[in-house]
Amino acid sequence: MMTWKALFFTLSVIHGATASEIGVLERYTTLRTIAGLGNQEDGNFWQARFEGSNPRLVELSNPHDCGTDAYGRVYIVDKESHSVLRVSADGSEIITVAGTHSSGNAPDTSVSATSGPLSNPNGLHVFADGRFLILDTDNRKVRRVDQDGMMTTLFTYPAGFGTGRGLITSPLGDEVYFCGEFISASQQNVKRWSAEDGFTTVAGINPGTRGLGNLDLGPQGALFVTSAGDHRVFKIPSGGSPIVVAGNGSTDGNLISGALATSVSLDRVRGIAVLHDGSFFVATQKGGDVWWVDNGPTNDGVGRRIHLFVNGSRSGNIKSGDDQLRTGGADRISEPRAINLASNGDLLITCNDTGVIRAVRNVCKPTAPVLKLNHPVLTWQSNWRDRYTMEVSDNLQEGSWSPLSSITSPSNGFHSHVLSEPAPSFIRFSVPHLAGGQ
């Protein structure tokens, strides 16, 4: 039987308040730039000297999406340099972690990710432990890169991915959701893949003239889908049919902060990021802004209202307002393509044509949960999609801690982890307070 000396957890609450005590619009404050100079667009601008350099001094090549792991590292799918880049947690360095920066088609079998060419990748999903999936668009494949840096093809989808860049997995990682083929002028399929069932159709969505945009999963298993061509956001409840939750399908410019979410114009809406309470952010590429959609007056999604979150422009290479409040008279961003919630709570914004990755700081950083041990089961309570790093030590010396596991909470509520023998003397949960800088 193992003997435990102690259980530890790291805890940090910014400004003495938690996210549940501060509203969404109040907890997000100032902007910062993670990567990208933003001086050029529509081309492959990668240079060998960029490798290992300051990410804010690198010219990105039409980045289309990004995500973070539990260590605070930011991954960028850089479409026209045919690669995936990674920014260190402290924001000091950018490196290539997949692709060769030239278009090609890597073997399906295991190969070093940085020696396997990709072709116009434009979707990405990052796991807590640093593994990630790539939507290798022109090759019609989803690739998986493991912690050891080796890349394999998870599956090939011969029908292709349409114009969508959505790629997301279920909380346990056993199902992959993506935007599939066009069936007709009024239907593009949202697909699901699993090793057990292969490909199945989740639902058909009106793609309009430009197709679907991005995907995200909500805390109750609902799938949220943006239609860039239909200018609306759809929610697909688990086992249900699509319902419109934002947008009126027009581009007439009727968009007023505080209005009913389904009454407004969302011009080429692409980005979607769902919070653990079911409210969500959206980004409109040709509207140029980021918006937050609340849960309505009864907190059940009925009567949702939309609120301006970040001012932006529908065109131009605008990258302004670092260390300034996210809203104000001047535009801060332009043509956002994707938005993602970082593991530290910040909101990441991918501005494709500008070629920059921005972040809106969340003053309520995540806190590590209280741990309870009933040998050999460790339990804790946390919110859906919270991420933690489990670390172990035998002597409590700072340099002695080593990672045991990285965890993503699959739902709101209680969770558990079965510890294996031989047991360490000390264990702690750490939460990321960085995401490509701070």
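Predicted model, so just to flag it, every value in this text is computed and none were measured.

Calculation criteria
- Residue numbers here run from 1 along each chain, matching the order of that chain's written sequence.
- Given that the model is predicted, a residue must reach a pLDDT of at least 70 before its local features are reported, and side-chain atom pairs must reach 80 or more before they are shown or counted; all residues, however, enter totals for whole chains, interfaces and linings.
- Hydrogens and waters are ignored; side-chain quantities use all the structure's heavy atoms.
- Numbering of helices and strands runs from the N terminus; a helix is a DSSP stretch of H or I covering at least four residues, while a strand is a stretch of E covering at least two.
- Under the scheme applied here, a residue whose accessible area is under 20% of the maximum for its type counts as buried, over 50% as exposed, and between as partly exposed, the area being computed with a 1.4 Å probe on protein chains only.
- By definition, residues are in contact when any of their heavy atoms lie within 4.5 Å.
- When charges are counted, Lys and Arg are positive and Asp and Glu negative, with His and the chain ends excluded.
- One atom stands in for each charge, and that atom is NZ of Lys, CZ of Arg, CG of Asp or CD of Glu.
- Whether two strands pair comes down to DSSP finding at least two bridges between them.
- As a rule, the C-alpha atoms of each element are fitted with a line to give its axis, helices using only the stretch in contact, and angles between N-to-C directions run from 0 to 180 degrees.
- Scored from 0 to 100, pLDDT reflects the predictor's confidence in each residue.

A.B. asks: I'm lost on the overall build of the protein chain in this one. Help?
C.D. replies: Across its full length, the protein chain holds one helix and 34 strands. Summarising its shape, the C-alpha atoms of the protein chain cover approximately 65 × 50 × 45 Å along the three principal directions. The 438 residues of the protein chain split such that 57% are buried. Contacts in the protein chain between residues at least 24 apart in sequence constitute 52% of all its contacts with a sequence separation of at least 6. The positive charge centre, built from 36 side chains, and the negative charge centre, built from 42, are 2 Å apart in the protein chain.

A.B. asks: Looking at this model, I keep getting lost on the sheet that holds strand S11 (residues 150–156). Mind explaining?
C.D. replies: Pairing is antiparallel across the open sheet formed by five strands, whose spatial order is S7-S11-S10-S9-S8. Here the strands that pair on one side only, and so sit at the sheet edges, are strand S7 (111–112) and strand S8 (123–126). Pairing of S8 with strand S9 (residues 132–136) involves four bridges; the strand directions are antiparallel. Looking at the pairing, Leu 124 lines up with Ile 134 of S9.

A.B. asks: How should I be thinking about the sheet that holds strand S16 (residues 212–217) in this particular structure?
C.D. replies: What links the strands of a sheet is backbone hydrogen bonding, and the strands pair in either a parallel or an antiparallel sense. Read across the open sheet, the four strands follow the order S16-S17-S18-S19; overall the sheet is antiparallel. For this open sheet the edge positions go to S16 and strand S19 (243–246), each flanked by a neighbour on one side alone. Within the sheet, the average angular offset between the axes of one strand and its neighbour, ignoring direction, is 30°. Looking at chain direction, strand S17 (residues 223–227) and strand S18 (residues 232–236) are connected through five bridges and run antiparallel. The residue of S18 that forms the bridge with Phe 224 is Lys 235.

A.B. asks: How should unusual backbone geometry be read in this particular structure?
C.D. replies: Working note: non-glycine residues mostly have negative phi, and peptide bonds are mostly trans. Residues other than glycine seldom take positive phi values, yet His 231 does so here, at roughly 60°. For Glu 335, which is not glycine, the phi dihedral falls at a positive 45°. With respect to the secondary-structure elements, Glu 335 resides in the loop between strand S25 (333–334) and strand S26 (336–341). Classification of Glu 335 as buried rests on a relative accessible area of 5%.

A.B. asks: Which parts of the structure should I look at to understand the confidence of the model for the protein chain?
C.D. replies: Low pLDDT marks regions whose predicted coordinates should not be analysed in detail. With 95% of its residues at a pLDDT of at least 70, the protein chain reaches an overall mean of 89. Here residues 1–21 is a poorly scored stretch, pLDDT under 50, and it has 54 contacts once near neighbours within four places are set aside; other chains count.

A.B. asks: It is not clear to me how the pairing of strand S22 (residues 290–293) should be interpreted in this structure. Could you clarify?
C.D. replies: Residues in a regular strand point their side chains to alternate faces of the sheet. In S22, alternate side chains face the same way, and those of Val 290 and Trp 292 on one face and Trp 291 and Val 293 on the other are all buried. Sheet topology places strand S21 (residues 280–284) next to S22; four bridges connect them, and they run antiparallel. Within S22, the position partnered with Phe 281 by the bridge is Trp 292. Taken together, S21 and the strand that follows it, S22, pair antiparallel across an intervening segment of five residues, in which Gly 288 is found at a positive phi of about 85°. One ladder, built from four bridges, connects S22 with strand S23 (residues 306–310); its direction is antiparallel. Across the sheet, residue Val 290 finds its bridge partner in S23, namely Val 310.

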